[in-house]
Amino acid sequence: YKVSVAIIDLDPQASASSWGAVRGDTIPVISCHPPLLEKTINSSQDKGCELILIDTPPHNFTAAANAIRTSDFVVIPVRPS
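Just so it is clear, the structure is predicted and the values come from calculations on it, not from any experiment.

1. Re the sheet that holds strand E2 (residues 29-31)
Next, step 1: In space, the 3 strands of this open sheet follow the order E2-E1-E3, with parallel pairing throughout. Only two strands of the sheet have a single neighbouring strand rather than two, namely E2 and strand E3 (51-55). The sheet shows a mean angle of 25° between the axes of neighbouring strands, taken without regard to direction.
Next, step 2: Of the pairings in the sheet, the one linking strand E1 (residues 5-9) to E3 comprises 5 bridges and is parallel in character. Looking at E3, one finds that Ile7 is bridged to Leu53.
Next, step 3: Along the sheet, helix H2 (residues 37-46) contacts E1, E2 and E3; its crossing angle with E3, the most-contacted strand, is approximately 150°.

2. Looking at the nonpolar core
Next, step 1: Ranked by size, the top nonpolar core spans 7 residues in total: Ile8, Leu10, Cys32, Leu37, Ile41, Ala63 and Ala67.
Next, step 2: When contributions to this core are tallied by element, the ones reaching two or more residues are H2 and helix H3 (61-70).
Next, step 3: The residues touching Ala67, leaving out its near neighbours within four places in the chain, are Leu10, Leu37, Ile54 and Thr56.

3. As for the state of the cysteines
Next, step 1: By the definition in use, this model includes 0 disulfides.
Next, step 2: Cys49 provides the cysteine sulfur closest to Cys32, a residue in no disulfide bond, and the two sulfurs are 13 Å apart.

Rules behind the numbers
- Residues numbered from 1 in each chain as written.
- Predicted model: local features only at pLDDT ≥ 70, side-chain atom pairs only at ≥ 80, totals over all residues.
- Heavy atoms only, no water.
- Pairing = 2+ DSSP bridges.
- Helix = DSSP H or I, 4+ residues; strand = E, 2+ residues; numbered from the N terminus.
- Axes fitted to C-alpha atoms, helices over the stretch in contact; angles between N-to-C directions.
- Contact = heavy atoms within 4.5 Å.
- Core = buried A, V, L, I, M, F, W, Y, C linked by side-chain atoms within 4.5 Å.
- Buried < 20%, exposed > 50% of the residue type's maximum accessible area, 1.4 Å probe, protein only.
- Disulfide = S-S within 2.5 Å.

Below is the structure:
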């Protein structure tokens, strides 16, 4: 069973986009402005994408809120303490 995956990069640093460029076109990485997130997700799903990972900037509440609102599952990586 094959799942179509994409990454949406909301981070202005574009680290996910840079990673995608180094890796090639095996997993599409889409740069997106936070207000366009829902439209970008819908477009990706219309193209057959079944799993979308969203990379958000660490200090942008608007981007994080948009990502959380449109997501089914949220992972927040933190350093162990």
